[in-house]
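Here's the letter readout for the chains.
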Amino acid sequence: MTNGCSHIPEDLAPPTVTADGCEDCLAAGNRDWVHLRFCQICGRVGCCDNSPGRHATAHFNSDGHALLRSFEPGEEWWWCYVDEIGFEIPGAPPTPSY
Ligand SMILES: [Zn+2]
Ligand SMILES: [Zn+2]
Ligand SMILES: [Zn+2]
């Protein structure tokens, strides 16, 4: 692996998706997110920084889960908050759906 991130699980197995939208927004009764991100540590779905809630970043700040993937259909990129790099992993299992 040459992308500079040390947080990637060796087997690349995606965690189980825990909701069909941003959990924090859904808990507040909102569905006004712009894009969804998918935590690769615990499977939590959170909204992106263009969304009002910015819950994906909030999840990293509160729980320290650094590695996420896009939860948008057709998007395969990953992002690491600690290393501050985005990358793709050719051959990684696709993001599961809820
Ligand atoms: Zn990393
Ligand atoms: Zn949200
Ligand atoms: Zn998480």
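Residues numbered from 1 in each chain as written. Chains lettered and ligands numbered in written order. Predicted model: local features only at pLDDT ≥ 70, side-chain atom pairs only at ≥ 80, totals over all residues. Heavy atoms only, no water.

## Describing the pattern of salt bridges
So, step 1. One pass over the full model with this rule turns up three salt bridges.
So, step 2. With a closest N to O distance of 2.8 Å, E76 and R69 form a salt bridge.
So, step 3. Judged by its relative accessible area of 33%, E76 falls in the partly exposed class.
So, step 4. By sharing partners, the salt bridges in this structure join E23, D24 and R44 into a single network. (Salt bridge = Lys/Arg side-chain N within 4 Å of Asp/Glu carboxyl O. Buried < 20%, exposed > 50% of the residue type's maximum accessible area, 1.4 Å probe, protein only.)

## Thoughts on the coordination of the zinc ion (ligand 1)
So, step 1. At 1.9 to 2.3 Å from the zinc ion (ligand 1) lie its protein donor atoms, namely C5 (SG), H7 (ND1), C80 (SG) and D83 (OD).
So, step 2. Around the zinc ion (ligand 1), the four donor atoms sit at angles spanning 104 to 116°, and that spread fits a shape best called tetrahedral.
So, step 3. Taken in sequence order, the residues that donate to the zinc ion (ligand 1) follow the motif C-x1-H-x72-C-x2-D. Of the two residues, H7 sits in the segment before α1 (23–27) while C80 sits in strand β4 (residues 77–80), which places them 73 residues apart along the sequence.
So, step 4. Residue classification places H7 among the partly exposed positions, given a relative accessible area of 29%. (Donors = N, O, S within 2.8 Å, 3.2 Å for Na, K, Ca; no water. Tetrahedral: all angles 85-135°; square planar, octahedral: opposite > 155°, others 65-115°. Helix = DSSP H or I, 4+ residues; strand = E, 2+ residues; numbered from the N terminus.)

## Re the pairing of strand β1 (residues 36–39)
So, step 1. Burial of the side chains of β1 extends over both faces: L36 and F38 are buried on one face and R37 and C39 on the other.
So, step 2. With three bridges connecting them, β1 and strand β2 (residues 45–47) associate as antiparallel partners. Along β2, the bridge assignment pairs F38 with V45.
So, step 3. Hairpin connection of β1 to β2: five residues between the antiparallel strands, including G43 at a positive phi of 90°.
So, step 4. Bridge analysis of β1 against strand β3 (residues 67–70) gives three bridges, and the strand direction is antiparallel. Following the sheet pairing, R37 is matched in β3 by S70. (Pairing = 2+ DSSP bridges.)

The values reported here are purely geometric and, on their own, carry no functional implication.
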